[in-house]
Amino acid sequence: MTTKFFPLFLCLALPFATHGAVPLTEAVFSQVIKDVNVVNVDTRESTKAKLGDTFKNPNVIRTGPDSLAELMAPDKTVTRVGANTAFSFEKSGRAINLEEGSVLFHSPKGKGGGTIRTKGASAAVLGTTLVVTATDGGGFKAIVLEGKGQITLPNGDFRVLTAGQVTFVLPGARTFGPQLNINLSKLVENSRLVQGFEKELPSKPIIQIEIDRQIKQINTGQFEDTKKLVVNSQTKDTVTTVDSTVLQEAVKVMEPRTRDVTLTTSSFGDYANQLLL
């Protein structure tokens, strides 16, 4: 039986035990790109983030359009923050509160992993790299790039994802969408959270192993590349897709009319829960 998978997606994730792990309550800015601000929760004052600054709970990081940030914790846990994102560390434990936007989270093996909490779900990892996106109305998406992640909804329903898999919940929905295999190579190639920084992601060699595994499965007929993108329409068992070549042509037409953002094939992965046609 041939398994089909998609270049892009919409998704979700949840927690593993972190007993004895060092709390994840602060980290140092290792890279700041464009508009990145730290909001003091007591005074509501906003200051520009700078390379080498230490970010601590309960303050909030907010990024603007086309902006990115990378934080390195003392135990080498990496948090990469996408554009139009707001998040903070919890006061104790190893959890991130993601109000909106996208983060890439990588916890080295043996460091206790971590949990990313949103309004729609929670995503937990242990020695894993994943990307989580939160949207208005409780929409949530999570993609595991390497390792394993468990995704849990407020009602207790959960799923376990492995490398190259994604599941999602649309804004306003209370159940999972289908669990899909995605084209990991295309995702990594086009993701700013992976490619948009000066230094290579520490887990990139492990992610490459998973990419090579997928390519082998395609070449041997175990996987079939659908060359389709998943858009924001789904039920428990079905999703709506669009042919990627058709989408690219539509984007070319849209570009001259776009002011705030230019949609390109390299940025598809950063527009969660949006129908681009």
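Refer to the structure presented above.
Residues numbered from 1 in each chain as written. Predicted model: local features only at pLDDT ≥ 70, side-chain atom pairs only at ≥ 80, totals over all residues. Heavy atoms only, no water.

A. The overall build of the chain, seen in detail. Along its length, the chain carries four helices and 21 strands. Nonlocal contacts in the chain, meaning residues at least 24 apart in sequence, comprise 56% of its contacts between residues at least 6 apart. When the accessible surface of the chain is summed, it comes to about 13,100 Å², and 50% of that surface belongs to carbon and sulfur atoms. (Helix = DSSP H or I, 4+ residues; strand = E, 2+ residues; numbered from the N terminus. Contact = heavy atoms within 4.5 Å. Areas by Shrake-Rupley, 256 points an atom, 1.4 Å probe, with all protein chains shown as cover.)

B. The arrangement of unusual backbone geometry in detail. Asn57 connects to Pro58 through a cis peptide bond whose omega is 5 degrees. You will see that Arg44, though not glycine, has its phi angle at about 65 degrees, which is positive. Classification of Arg44 by relative accessible area gives exposed; the value is 54%. (Buried < 20%, exposed > 50% of the residue type's maximum accessible area, 1.4 Å probe, protein only.)

C. Spotlight on the pairing of strand 16 (residues 158-162). The alternating pattern of strand 16 places Arg159 and Leu161 on a buried face and Phe158, Val160 and Thr162 on a face that is not buried. What sits between the antiparallel neighbours strand 15 (residues 148-152) and strand 16 is a turn of five residues, in which Gly156 has the positive phi angle 95 degrees. (Pairing = 2+ DSSP bridges.)

D. Main features of the packing of aromatic side chains. Applying the stated criterion across every chain, the model contains four aromatic pairs. With a centroid separation of 5.6 Å and 50 degrees between ring planes, the pair formed by Phe55 and Phe89 is classed as tilted. Of this pair, Phe55 sits in strand 5 (residues 54-56) while Phe89 is found in strand 9 (residues 86-89), placing the two residues 34 residues apart along the sequence. The burial state of Phe55 is the same as that of Phe89; both residues are buried. Chaining the aromatic ring pairs together yields one cluster made of Phe29, Phe55, Phe87 and Phe89. (Phe/Tyr/Trp six-rings, centres within 6.5 Å; stacked < 30°, edge-to-face > 60°.)

E. Expanded view of helix 3 (residues 204-219). For helix 3, with 16 residues, the first-to-last C-alpha span of 22 Å sits near the 22 Å given by 1.5 Å per residue. Along helix 3, the positions that sit buried rather than exposed are Lys204, Ile207, Glu210, Ile211, Gln214 and Gln217. Projected down its long axis, helix 3 carries its buried residues within an arc of 135 degrees, all on one side. Residues Ile209, Lys216 and Asn219 are exposed on helix 3 and point more than 90 degrees away from its buried face. Positioned one or two residues after helix 3, Gly221 has a phi angle of 85 degrees, which is positive. (Expected span 1.5 Å × (residues − 1). Arc of directions from axis to C-beta.)

F. Looking closely at the pattern of salt bridges. In this structure the tally under the stated criterion is nine salt bridges. Between Arg80 and Glu70 there is a salt bridge, with its nearest N and O atoms 2.7 Å apart. With Arg80 in strand 8 (residues 78-81) and Glu70 in strand 7 (residues 68-72), this pair connects stretches of sequence that are 10 residues apart. The buried category is assigned to Arg80, whose relative accessible area is 0%. As a salt-bridge pair, Glu210 and Arg213 come within 2.8 Å of each other at their nearest N and O atoms. Here Glu210 and its partner Arg213 are both found in helix 3, three residues apart, which amounts to about one turn of the helix. In this structure Glu210 comes out as buried when scored by relative accessible area, which is 17%. A relative accessible area of 32% places Arg213 in the partly exposed class. If you follow the salt bridges from partner to partner, you end up with Lys34, Asp66 and Arg192 in one network. (Salt bridge = Lys/Arg side-chain N within 4 Å of Asp/Glu carboxyl O.)

G. Molecular detail of the nonpolar core. One finds Phe29, Phe87 and Leu130 to be the most contacted residues of the largest nonpolar core, which totals 33 residues. At the level of elements, strand 2 (26-33), strand 3 (36-39), strand 7, strand 9, strand 10 (95-106), strand 12 (122-125), strand 13 (129-134) and strand 14 (140-146) are the ones that each hand at least two residues to this core. Looking at this core element by element, the count peaks at four residues for strand 10. Membership of the second largest hydrophobic core comes to 21 residues, among which are Val78, Leu104, Ile143 and Leu193. (Core = buried A, V, L, I, M, F, W, Y, C linked by side-chain atoms within 4.5 Å.)

H. The pairing of strand 11 (residues 114-117), seen in detail. Bridge count for strand 10 against strand 11 is three bridges, and the pairing is parallel. Paired with Ala95 across the two strands is Thr115, which belongs to strand 11. Strand direction decides the pairing type here: strand 11 and strand 12, joined by four bridges, are antiparallel. Of the residues in strand 12, the one forming a bridge with Thr115 is Ala124. Linking strand 11 to strand 12, which pair antiparallel, is a turn of four residues.

I. Representation of the environment of Val166 within the structure. Within the secondary structure, Val166 is located in strand 17 (residues 165-169). The exposure class of Val166 is buried, given its relative accessible area of 0%. Along the backbone, Val166 and Val144 are 22 residues apart, and their C-alpha atoms lie at a distance of 6.8 Å.

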